[in-house]
Amino acid sequence: MQFGIFTVGDVTTDPTTGRTPTEGERIKAMMTIAEHAEQVGLDVFATGEHHNRPFVPSSPTTMLGYLAGRTSKLVLSTSTTLITTNDPVKIAEDFAMLQHLSDGRADLMLGRGNTAPVYPWFGQDISKSVELTIENYSLLRRLWDEDVVDWEGEFRAPLKGFTSTPRPLDGVAPFVWHGSIRTPQVAEIAAYFGDGYFANNIFWPKEHYVRLIELYRQRYAHYGHGTPEQAIVGLGGQVFMRKNSQDAVREFRPYFDDAPVYGHGPSLEEFTRQTPLTVGSPEQVIEKTLTFQEFFGDYQRQMFLMDHAGLPLKTVLEQLDLLGEHVVPVLRREFEARRAAGVPSDPPSHTSRVAARLAAQDALV
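First, a word on scope: everything that follows refers to the structure included in this document. (Residues numbered from 1 in each chain as written. Predicted model: local features only at pLDDT ≥ 70, side-chain atom pairs only at ≥ 80, totals over all residues. Heavy atoms only, no water.)

1. A look at the packing of aromatic side chains
Point 1. Considering all chains together, one arrives at 13 aromatic pairs under this definition.
Point 2. On the numbers, 5.5 Å between centres and 90° between planes, the contact of Phe175 with Trp177 is edge-to-face.
Point 3. Judged by relative accessible area, Trp177 falls into the buried class, the value being 0%.
Point 4. The interplanar angle of 85° and the centroid separation of 5.0 Å between the aromatic rings of Tyr192 and Phe193 together place this pair among those described as edge-to-face.
Point 5. Each member of the aromatic cluster is reached from another via a ring pair, and the members are Tyr137, Tyr192, Phe193 and Tyr223. (Phe/Tyr/Trp six-rings, centres within 6.5 Å; stacked < 30°, edge-to-face > 60°. Buried < 20%, exposed > 50% of the residue type's maximum accessible area, 1.4 Å probe, protein only.)

Structure (structure tokens):
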């Protein structure tokens with residue numbers, strides 16, 4: 001099973017010191033955090049895509065390309081690539097390039113985003129977000145899977161005899177996750193293509209996500225990709241740890257109260273009861289995270305949000321040390337011991353997808 005961290009890349013004032021990092025400091029801190037994630041034994045680093053303050057990751061593949069040269073094992077991903085407002089041609093080119101730079105350690109998560117002004121900034125209509133998602137992703141798949149594409153649609157200029165370059169590494173496109181917190185059509189798209197489905201269940205009660213994941217699993221089986229239990233699922237989570245749970249609550253509370261992700265809403269105690277947020281000891285993080293398997297079934301990727309709300313870099317690195325030393329080893333062991341037979345432990349890797357492609361070619365000979 002894969003474990004990793006994702007960042008939203010917020011530039012937030014530290015409420016305990018009043019200091020706000022510069023954009024450059026925040027960007028470089030995210031790179032340090034990603035490199036440290038590999039050092040402590042995590043599998044994945046993912047960044048969001050935002051084009052509005054207080055967030056800075058407007059160019060995820062630039063960041064991930066830099067990390068490709070600074071890491072050797074870490075899977076480099078996005079926690080949202082905006083399929084609605086990005087040109088599918090540019091997505092195809094950027095992530096194929098990232099594949100080559102990282103020797104296949106790259107995948108991506110597509111989503112519609114949750115910032116309404118982004119649509120007009122990029123010349124699109126938010127009321128067409130589902131239609132944009134369907135059309136753009138269909139084109140993206142063709143750009144990766146076909147050497148020469150003739151295409152015409154509603155939302156971008158036609159393509160005639162177009163070849164996206166570079167071609168995907170070893171002829172295999174990056175693995176795609178589809179992220180959604182509310183839209184059944186996204187689960188349907190993921191199921192149709194046999195892609196992964198990521199439920200970033202950090203805001204709403206688990207019952208909401210149970211319905212979306214179950215829909216995806218059933219439709220994944222309907223389209224002939226395997227059993228519902230074999231569908232590729234990822235989940236989000238948020239943690240803040242200290243060895244003593246009272247210390248964790250006391251230290252994290254001012255950051256929670258002002259966080260751009262969820263501040264100025266429910267209390268810390270209410271939020272931890274209703275969502276995956278865990279503020280406490282490593283043992284409490286393990287206990288709560290293991291319940292995700294009970295609610296959602298066996299899954300393949302667990303991501304944690306840890307570097308937001310103005311937390312100092314030193315504190316985030318300490319959190320990663322706790323995660324890598326005390327939490328993830330136990331979660332790996334426990335999740336695998338409970339996993340049903342025939343259910344994949346990991347999402348498809350570049351190596352496994354190349355092998356599957358070659359096997360399919362051999363079967364046709």
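2. What about helix H2 (residues 60-68)?
Point 1. Of all the residues in H2, the buried ones are Pro60, Thr61, Met63, Leu64, Leu67 and Ala68. For H2, the angular spread of the buried residues around the axis is 155°, confining them to a single face.
Point 2. Buried residues along H2 sit in contact with helix H1 (23-39), strand E2 (44-47), strand E3 (75-78) and helix H3 (88-102). (Helix = DSSP H or I, 4+ residues; strand = E, 2+ residues; numbered from the N terminus. Arc of directions from axis to C-beta. Contact = heavy atoms within 4.5 Å.)

3. Details of the environment of Val328
Point 1. Among the secondary structure elements, Val328 is positioned in helix H11 (residues 313-338).
Point 2. Expressed as a C-alpha distance, the spacing of Val328 and Tyr137, which sit 191 residues apart in the sequence, is 34 Å.
Point 3. Dropping the residues within four chain positions of it, Val328 is found in contact with Phe3, Leu42 and Leu323.

4. Considerations on unusual backbone geometry
Point 1. The amide bond that connects Arg53 to the next residue, Pro54, takes the cis arrangement and shows omega of 10°.
Point 2. Along the chain, Pro54 falls in the loop between E2 and H2.
Point 3. Cis geometry marks the peptide bond from Thr165 to Pro166, where omega comes out at -5°.
Point 4. Along the chain, the position of Pro166 falls in the loop between strand E7 (159-162) and strand E8 (175-179).

5. Here's the deal with the nonpolar core
Point 1. Core analysis: the largest hydrophobic core is formed by 101 residues, its most contacted members being Ile5, Trp144, Tyr197, Tyr216, Phe252 and Leu323.
Point 2. The element contributing the most residues to this core is H11, with nine residues. (Core = buried A, V, L, I, M, F, W, Y, C linked by side-chain atoms within 4.5 Å.)

6. Observations concerning the packing of H2 against H3
In helix packing, the relevant descriptors are the interaxial angle and the interaxial distance, both defined with respect to the helix axes.
Point 1. It is at 9 Å that the axes of H2 and H3 come closest, and there the two elements cross at 10°. By the angle between their directions, the pair H2 and H3 is classed as roughly parallel. From H2, Thr61, Leu64, Gly65 and Ala68 reach across to H3, where they touch Asp94, Phe95, Leu98, Leu101 and Ser102.
Point 2. Grouping the amino acids of the contact of H2 with H3 by side-chain chemistry returns five nonpolar, three polar and one charged. (Axes fitted to C-alpha atoms, helices over the stretch in contact; angles between N-to-C directions. Parallel < 35°, antiparallel > 145°, perpendicular 65-115°, else oblique. Nonpolar A, V, L, I, M, F, W, Y, C, P; charged D, E, K, R; others polar.)

7. Observations regarding the sheet that holds E3
Point 1. A sheet is described by the order of its strands in space; here nine strands give the open sequence E3-E2-E1-E13-E10-E9-E8-E5-E4, paired in parallel fashion. Edge positions in the sheet fall to E3 and strand E4 (81-82), since each of these pairs with one other strand and no more.
Point 2. Sheet topology places strand E9 (residues 196-199) next to strand E10 (residues 233-235); three bridges connect them, and they run parallel. Bridge assignment links Phe198 to a residue of E10, and that residue is Gly234. (Pairing = 2+ DSSP bridges.)

8. A closer look at H1
Point 1. Taking 1.5 Å as the rise per residue, H1 with 17 residues should run 24 Å; its terminal C-alpha atoms sit 25 Å apart, in good agreement.
Point 2. For H1, every residue scored as buried is listed here: Arg26, Ala29, Met30, Met31, Ile33, Ala34, Glu35, His36, Ala37 and Glu38.
Point 3. Those residues of H1 that are buried lie in contact with strand E1 (2-7), E2, H2 and H11.
Point 4. A positive backbone phi angle near 95° is found at Gly41, which sits one or two residues after H1. (Expected span 1.5 Å × (residues − 1).)

9. Quick notes on the pattern of salt bridges
Point 1. All chains considered together, the criterion is met by 19 salt bridges.
Point 2. Notably, a salt bridge pairs Glu269 with Arg253, separated by 2.5 Å at the nearest N-O pair. Of this pair, Glu269 sits in helix H9 (residues 268-274) while Arg253 sits in helix H8 (residues 245-258); the two residues are 16 residues apart in sequence, bridging distant segments of the chain.
Point 3. Classification of Glu269 as partly exposed rests on a relative accessible area of 33%.
Point 4. For Arg339, the salt bridge goes to Glu336, with nearest N and O atoms at 3.1 Å.
Point 5. Among the residues examined, Glu336 registers a relative accessible area of 30% and is labelled partly exposed.
Point 6. In the salt-bridge network here, residues are joined through shared partners; they are Arg242, Glu251, Lys314 and Glu318. (Salt bridge = Lys/Arg side-chain N within 4 Å of Asp/Glu carboxyl O.)

These figures capture arrangement, not role.
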